[in-house]
Amino acid sequence: MFPFSLEHTNWSQLGKRTSSNSMLIRVKVQTRSSQEKVEQLDIDEYKVWVAAPPADGEANAALIETLADYFNVAPSLIKIKSGNKSSHKLVEIPDPEGDLSEEFDN
């Protein structure tokens, strides 16, 4: 398991990069957990535990907050691309350093 903050992460090696300076990750959400945490399972796959129940968008909001803390980005920049009503989601995370565009030029 990785620490809760990835401030010094090499973003070029995480997830599937998109042309909009962000990455797409697959997320499995475990709701009603006693603790909120993130575990990286693969380069683009994570499991996230949240305390919120899967009702009225509470778990999705908790997921976004938890991922924002983990990746050190603003919650408003994180987007659930698919799986809004599923425990399996595709999430877009912005690159906080803004340097992913350089990776596409190489």
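Structure: see above.
Here goes a summary of the coordinates provided. Here the residue numbers are simple positions, counted from 1 along each chain's written sequence. With the structure being a predicted model, the display of local features is reserved for residues of pLDDT at least 70 and the display and counting of side-chain atom pairs for 80 or more, all residues being used for whole-chain, interface and lining totals. Hydrogens and water are ignored here; the side-chain numbers use all heavy atoms of the structure.

## Examining the overall build of the chain
Under the DSSP-based scheme used, a helix requires at least four consecutive residues in state H or I and a strand at least two consecutive residues in state E, with every element numbered from the N terminus. Counting its regular elements, the chain contains 2 helices and 6 strands. Relative accessibility thresholds used throughout: buried, under 20% of the residue-type maximum; exposed, over 50%; partly exposed, between the two (1.4 Å probe, protein chains only). Scored against the burial criterion, the 106 residues of the chain give a buried share of 39%. Contact criterion: two residues are considered in contact whenever any of their non-hydrogen atoms come within 4.5 Å of each other. When contacts within the chain are restricted to residue pairs at least 6 apart in sequence, long-range pairs at least 24 apart make up 49% of them.

## A closer look at the environment of Ala-59
Structurally, the position occupied by Ala-59 is in helix 1 (residues 58-71). On a C-alpha basis, the gap between Ala-59 and Trp-49 in space is 9.5 Å, while along the polypeptide they are 10 residues apart.

## A look at unusual backbone geometry
The phi dihedral of Arg-32 falls on the positive side, at around 55°, and the residue is not glycine. Along the chain, Arg-32 turns up in the loop between strand 2 (22-30) and strand 3 (37-42). For Asn-72, which is not glycine, the phi dihedral falls at a positive 60°. Considering the arrangement of structural elements, one finds Asn-72 in the loop between helix 1 and strand 5 (79-82). Owing to a relative accessible area of 44%, Asn-72 belongs among the partly exposed residues under this scheme.

## Side note on the environment of Phe-71
Position of Phe-71 among the secondary structure elements: in helix 1. Separated by 22 residues in sequence, Phe-71 and Ile-93 have C-alpha atoms that sit 8.1 Å apart.

By themselves, these observations are geometric and do not establish any function.
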